[in-house]
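Residue strings, one per chain:
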Amino acid sequence: MVFRKLPGVSASGMGLRLSQKFVFLLFLSGLVTLCFGALFFLPDSVRLKRIFLSKTETQPVTVGSGSENDAREHLKRPKDQEHPRGMTSAKGETSTKLKSLSRKPPVSHEATEERLAGGKAQEDLTLSRSKTESASERATSPDHGANSDTFSYKKFKRCLLKHPLGRDNGKPSDPKTNERREKVKEMMKFAWDNYKRYAWGKNELRPLTRNGHIGNMFGGLRGASVIDSLDTLYIMGLMEEYNDAKEWVQTSLDLNSNGEASLFEVNIRYVGGLLSAYYLTGEELFKNKAVELGEKLLPAFNTPTGIPRGVINLGSSGTSWSWGWASAGSSILAEFGTLHLEFVHLTELSSNPIYTEKVMNIRKLLNKIEKPHGLYPNFLSPVSGNWVQHHVSIGGLGDSFYEYLIKSYLMSDKTDDDAKKMYYSALEAIEANLVQKSPGGLTYMAEWRGGILDHKMGHLACFSGGMIGIGADDGAPEKRQHYLDLAAEITHTCHESYARSATKLGPEAFRFDGGAEATATRLSDRYYILRPEVIESYMYMWRLTHDPKYREWGWEAVEALEEHCRVESGFSGIRDVYTMTVSHDNMQQSFFLSETLKYLYLLFSDDDLLPLEDWVFNTEAHPLPIIRKSCLQDEATQDKTVSE
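Residues numbered from 1 in each chain as written. Predicted model: local features only at pLDDT ≥ 70, side-chain atom pairs only at ≥ 80, totals over all residues. Heavy atoms only, no water.

Caption draft 1: Up close: the packing of helix α19 (residues 480-499) against helix α20 (residues 533-545). Close contact between α19 and α20 brings their axes to 10 Å; oriented N to C, the two are set at 140°. It follows that α19 is oblique to α20 by the angle criterion. Crossing angle aside, the handedness with which α19 passes α20 is left-handed. Within the contact between the two elements, α19 uses Leu-484, Ala-487, Ala-488, Thr-491, Cys-494, His-495 and Tyr-498 and α20 uses Val-534, Ser-537, Tyr-538, Met-541 and Leu-544. (Axes fitted to C-alpha atoms, helices over the stretch in contact; angles between N-to-C directions. Helix = DSSP H or I, 4+ residues; strand = E, 2+ residues; numbered from the N terminus. Parallel < 35°, antiparallel > 145°, perpendicular 65-115°, else oblique. Left-handed = near helix turned anticlockwise from the far one by under 90°. Contact = heavy atoms within 4.5 Å.)

Caption draft 2: Structural view of the pattern of salt bridges. Per the counting criterion, the structure on display carries 35 salt bridges. The salt bridge partner of Asp-608 is Arg-167, with a shortest N-O separation of 3.2 Å. Taken together, the residues Asp-608 in the loop between α22 (590-603) and β18 (615-617) and Arg-167 in the loop between α7 (153-158) and α8 (175-199) connect sequence positions 441 residues apart. (Salt bridge = Lys/Arg side-chain N within 4 Å of Asp/Glu carboxyl O.)

Caption draft 3: The UniProt feature "active site" (unreviewed entry) in the protein chain, seen in detail. Within the UniProt annotation, "active site" (unreviewed entry) is assigned to Glu-265, Asp-399, Glu-508 and Glu-533. With respect to the helices and strands, Asp-399 occurs in helix α16 (residues 399-411). On the basis of relative accessibility, which here comes to 12%, the residue Asp-399 falls in the buried class. Apart from the residues within four sequence positions on either side, Asp-399 is in contact with Ala-334, Ser-393, Ile-394, Leu-460 and Phe-463. One can find Glu-508 in the loop between α19 and β15 (509-511). The exposure class of Glu-508 is buried, given its relative accessible area of 12%. Among residues more than four places away in sequence, those in contact with Glu-508 are Gly-458, His-459, Asp-525, Tyr-527 and Arg-531. (UniProt positions renumbered as here; feature names shortened; annotations may be inferred. Buried < 20%, exposed > 50% of the residue type's maximum accessible area, 1.4 Å probe, protein only.)

Caption draft 4: Geometry of the sheet that holds strand β12 (residues 447-449). In space, the three strands of this open sheet follow the order β9-β12-β13, with antiparallel pairing throughout. Of all the strands in the sheet, just β9 (391-392) and β13 (452-454) have a single pairing partner and so form its edges. Where β12 and β13 come together, three bridges link them in antiparallel fashion. Across the sheet, the residue bridging to Glu-447 is Asp-454, located in β13. (Pairing = 2+ DSSP bridges.)

Caption draft 5: Summary view of the environment of Ile-452. Within the secondary structure, Ile-452 is located in strand β13. The class of Ile-452 is exposed, set by a relative accessible area of 60%.

Caption draft 6: How the structure looks around the nonpolar core. Core analysis: the largest hydrophobic core is formed by 156 residues, its most contacted members being Val-249, Leu-366, Tyr-402, Met-457 and Ile-468. The element that contributes the greatest number of residues to this core is helix α11 (residues 263-281), accounting for 12 residues. Those residues in contact with Met-457, other than ones at most four positions away along the chain, are Tyr-444, Met-445, Cys-462, Ser-464, Ile-490, Cys-494, Ala-509, Phe-510 and Phe-512. (Core = buried A, V, L, I, M, F, W, Y, C linked by side-chain atoms within 4.5 Å.)

Caption draft 7: Up close: the UniProt feature "binding site: Ca(2+)" (unreviewed entry) in the protein chain. Cross-referencing UniProt, the feature "binding site: Ca(2+)" (unreviewed entry) maps to Thr-619 in the present numbering. Mapped onto the elements of the fold, Thr-619 is located in the loop between β18 and β19 (623-625). When near neighbours in sequence (up to four residues on either side) are disregarded, Thr-619 contacts Phe-264, Ile-268, Thr-338, Ser-400, Glu-403, Tyr-404 and Glu-595.

Caption draft 8: Just the environment of Asn-169, in detail. Summarising the element assignment, Asn-169 is placed in the loop between α7 and α8. Put simply, Asn-169 and Leu-610 are 441 residues apart on the chain and 9.4 Å apart in space, counted from C-alpha to C-alpha. Asn-169 has contacts with Arg-181, Ile-235, Met-236, Gly-237, Tyr-601 and Leu-609, leaving out every residue within four places of it along the chain. A distance of 3.4 Å separates a polar side-chain atom of Asn-169 from the backbone oxygen of Ile-235. (Polar contact = N/O pair within 3.5 Å; in protein donor to acceptor, adjacent residues only side chain to side chain.)

As structure tokens, then:
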């Protein structure tokens, strides 16, 4: 017997003293505890552990708090499982996290009635649509099972004041104007056909060498010219070309890239282009791609302040960082300030508030910090939330931030009073500190460097004529005509930068010092890369005033593009606008198809083609609709009444 081996134990009658019994029981219980406890340290795959410990415990729920983990966790919802608020995920793993980012919407009375009436199958179809459904199947019944938080394309279309393409596709009654419009359409087809022939699927065409260019701005994404061209092809009625582009998006647009992308460029070109294509056509394919890509941009906001960094890895890591050339690791005003339009629409389509929350946080911080002389410097630290240096520009590094303020107000159906206040306050500071008059009477926007003016105006700043124009009517009553006059003066100055060159195309930047007026004095500023900003202002000023000079100026640009930028296999920028012996840069920029040619086409079209009463253009000229919340709510109420 085992007890015989224990010292002091009698073999007869199991005679154990009380103290010996206590020691023995203590030893035995310790042994059992040690053996059983060891099970918890075994791997899950060990059979013994599976016998004793069934896996019934649940994962803890982590509530999102807007911290740096929010966006990363937001990406962890399964792609093939519809999110309660209509989102799809970029990852294939299940997560129960981020309650605050994925609050389940209340079920509307309309949805309840549908279930009671036997319509639950349709509702379930809407709530659990997989990403693999064809766009045509979803387009045939976009409102099945819709509740108050589900975007309805039919309701959206009913809230437009006018048909997006006008009465006759915007065809002008004047034969001369229509002939010019048809010429712009031919230019678009020529540019597109050569892109398709020599660079299909690449980001941009190199027309001289007849090959494609990928570049490093888009983080491994391809087809920038395809996405940028979708809405242009559609509004021009180039349907065969549009269908080719749509098919490429469906079969070849791979969003699972793993490269370093510009947050700004991916947002305005890819997200903006896909959103615009969806709103114009109703193709669910474009909406799903836009939302999927929008999710991949969220980790850029993982900073102490919520100000996004400029570069993001679109792969699973989601890491982000600032541009190496940016001062002290700062973020750029024109980049983090040019997200609002697209992100508000991502929330509109997905019913997920995170996108709007992210951009509203940016606005909240900008309202809180002190602004020198009311101006917004171009560099802001995403760590401290303070300005890094006091360089202010309405051109590069600052431009589209101001554009998105007034356009956010207009896109909100003039309900975003915060954006309105910020815009007109900024415009007042710009007029007080940057707007100058040259000795020759030209009005221009100088740059501001710590209180010292640099009398230079970039081509990029020439968008400001159109911006000030579209905002004129909502300014203080006594300043409305003043704003329209200021818009006209700036647009005139930008036209002069074209008119004073040998090619009748404008330089990258022009100066107003040393005896120069609206001309480039440095060799490094003499190039033209098919930029749209001057033509953009022509289009807006034509819509606002119907002054025929804007169409004439636009036609001058068409003739110059044809003479100096059109080559055998596409369009190319030129290195010096002041010489007639042009040297081409061998690049057909994607924004030439998205912006330059679109604005020219609209300039020669009737105003009811993409009417400004219904649409605002993002900074890549992708039209996004005005969000009429009151109308959408009325439509929902009417539908509810009908269902009852």
